[in-house]
Amino acid sequence: MSLVDLKAFMALLQQDEEIKKLVLSASTADDVALIGKRYELEFSGDELLRISGQKFDRVTVHKNTIPGEYN
């Protein structure tokens, strides 16, 4: 897991309102990882899901549960 890149992405997310909007409108964790890749930050959707519930400064990662989704 690229925890360094994930932390950098969380810091960027706090500073940039446009990125925040993109992340909040993303459908999947893989979509969020693709947003990170635009900023040369490498992490996967699976890695992002593994840190669900953890807090990075002012950002807490939460997995959205979609009705009808199998866990």
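Not measured: the values here are computed from a predicted model. (Residues numbered from 1 in each chain as written. Predicted model: local features only at pLDDT ≥ 70, side-chain atom pairs only at ≥ 80, totals over all residues. Heavy atoms only, no water.)

Asks: Can you walk me through the overall build of the protein chain in this structure?
Replies: For the protein chain, the helix and strand inventory stands at four helices and two strands. Going from N to C terminus, the protein chain has its helices and strands arranged as α-α-α-α-β-β. Classification of the 71 residues of the protein chain by burial places 30% in the buried group. Within the protein chain, contacts between residues at least 6 apart in sequence are counted, and of these 44% link residues at least 24 apart. (Helix = DSSP H or I, 4+ residues; strand = E, 2+ residues; numbered from the N terminus. Buried < 20%, exposed > 50% of the residue type's maximum accessible area, 1.4 Å probe, protein only. Contact = heavy atoms within 4.5 Å.)

Asks: It is not clear to me how the packing of aromatic side chains should be interpreted in this structure. Could you clarify?
Replies: The description of an aromatic ring pair rests on the distance of the ring centres and on the angle between the ring planes. Summed over all chains, the structure comprises one aromatic pair. With a centroid separation of 5.2 Å and an interplanar angle of 50°, the aromatic rings of Phe9 and Phe43 are classed as tilted. You can see Phe9 sitting in helix α1 (residues 3-15) and its partner Phe43 sitting in the loop between α3 (29-38) and α4 (45-50), a full 34 residues away along the chain. Phe43 matches Phe9 in its accessibility class, with the two residues each being buried. (Phe/Tyr/Trp six-rings, centres within 6.5 Å; stacked < 30°, edge-to-face > 60°.)

Asks: Help me out: how do you make sense of unusual backbone geometry in this one?
Replies: Most of the time, phi is negative for any residue but glycine, and the peptide bond is trans. Even without being glycine, Glu40 reaches a positive phi, approximately 60°. Residue placement: Glu40 occurs in the loop between α3 and α4. For Glu40, a relative accessible area of 71% gives the class exposed.

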